[in-house]
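Residues per chain are reported as follows:
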Amino acid sequence: MADFDKAIPPGGEGKIRLTVRTKGYQGNIHKSARVYTNDPAKSIIRLSIKGFVKVPIIVSPPRVRLYGKEGQPLTRIIEVRAELDKPLILTPGHFNLTEKLTYSIEEIEKGKRFQIRFTTTNSSPQAFRGFLKLNTNYPEKPEITIWIKVRIQKKAEVQRKPEAKT
């Protein structure tokens with residue numbers, strides 16, 4: 001979001017204030033904005049903002065994508081890591097894909113690192129989306145939502161070349 005002086009006299013100064021909403025971001029971010037001017041030498045000026053969004057809990061990767069061919073179960077593992085100096089406790093919340101996926105939570109480093117393993121239960125061609133909500137003991141982040149997208153494609157049928165006649 002931008003707030004700026006609408007008109008600046010030639011040779012004068014003006015202010016531009018950029019606001020970046022960081023909800024849903026974690027780690028390094030880079031945002032930019034274009035400023036349009038009536039200066040023929042510099043009709044567009046690009047402003048850049050770099051920063052680091054510190055969050056109490058890092059989910060990496062933040063979303064689960066399972067893509068593959070029919071006939072094989074698909075599995076993905078994500079990591080959940082505490083960034084505060086107090087132990088993290090994860091408990092299962094709402095999961096809306098119980099008929100299509102299983103998940104397990106494994107504590108890798110007590111109160112600090114967890115792995116969540118997602119596996120498809122049916123490997124027939126299909127596509128669906130859903131989520132897993134985990135409850136935490138952090139008042140700064142009482143709930144984590146992990147978005148899931150799955151696409152299982154039909155195996156390509158093997159085409160035989162016609163035999164050459166001799």
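Preceding block: the structure.
Reading guide: rules and limits
The numbering scheme is per chain: residues are counted from 1 as the chain's sequence reads. In keeping with the model being predicted, local features are shown solely for residues with a pLDDT of at least 70 and side-chain atom pairs are shown and tallied solely at 80 or more, while totals for entire chains, interfaces and linings include all residues. The side-chain values count all of the structure's non-hydrogen atoms but skip hydrogen atoms and water molecules. For helices the rule is a DSSP run of H or I covering at least 4 residues; for strands it is a run of E covering at least 2, with both sets numbered from the N terminus onward. C-alpha atoms define the radius of gyration, and 2.2 Å times the number of residues to the power 0.38 defines the globule rule. Relative accessible area decides the class of each residue, using a 1.4 Å probe on protein chains only: under 20% of the type maximum gives buried, over 50% gives exposed, and in between gives partly exposed. Computed by Shrake-Rupley with a 1.4 Å probe, the accessible areas treat only the displayed protein chains as cover when residues are assessed. Only four residue types enter the charge count: Lys and Arg as positive, Asp and Glu as negative, with His and the chain ends excluded. For charged residues, the charge sits on one atom: NZ in Lys, CZ in Arg, CG in Asp, CD in Glu. Salt bridges are defined as contacts in which a side-chain nitrogen from Lys or Arg sits within 4 Å of a carboxyl oxygen from Asp or Glu. Two strands qualify as a pair provided that DSSP identifies no fewer than 2 bridges between them. Axis definition: a line fitted to C-alpha atoms, limited for helices to the stretch in contact. Angles are taken between N-to-C directions and run from 0 to 180 degrees.

Chemist: Describe the overall build of the chain, listing the residues and the values that go with them.
Modeler: Across its full length, the chain carries zero helices and twelve strands. When the elements of the chain are put in sequence order from the N terminus, they spell out β-β-β-β-β-β-β-β-β-β-β-β. Taken against the 2.2 N^0.38 rule, which gives 15 Å for 166 residues, the C-alpha radius of gyration of the chain at 25 Å runs more than 25% over that of a compact globule. Its C-alpha atoms put the chain at 80 × 65 × 25 Å along the principal axes. Classification of the 166 residues of the chain by burial places 24% in the buried group. When the accessible surface of the chain is summed, it comes to about 12500 Å², and 50% of that surface belongs to carbon and sulfur atoms. Of the charged side chains in the chain, 32 are positive and 16 negative; the average position of the first set lies 6 Å away from that of the second.

Chemist: Please give an account of unusual backbone geometry that cites residues and values.
Modeler: Going from serine 60 to proline 61, the amide bond is cis rather than trans, its omega being -10°. Within the secondary structure, proline 61 sits in the loop between strand E5 (57-60) and strand E6 (63-69).

Chemist: Mind laying out the pattern of salt bridges, listing which residues take part and the relevant values?
Modeler: Under the definition given, this model contains six salt bridges. Of the charged contacts in the structure, one is a salt bridge between arginine 81 and glutamate 83, with a shortest N-O distance of 2.9 Å. When its relative accessible area of 28% is taken as the criterion, arginine 81 is described as partly exposed. With relative accessibility at 25%, the residue glutamate 83 sits in the partly exposed group. In this structure, glutamate 109 engages arginine 113 in a salt bridge whose closest nitrogen and oxygen atoms are separated by 4.0 Å. What you see here is one network of salt bridges that share partners, running through Glu79, Arg81, Glu83, Glu109 and Arg113.

Chemist: I'd like a description of the sheet that holds strand E8 (residues 90-95), backed by residues and values.
Modeler: Spatially, the four strands line up as an open sheet ordered E6-E12-E11-E8, and their pairing is mixed. Edge positions in the sheet fall to E6 and E8, since each of these pairs with one other strand and no more. Looking at each pair of strands side by side, their axes are set apart by 25° on average, direction ignored.

These results come straight from atomic positions and should not be treated as a statement about function.
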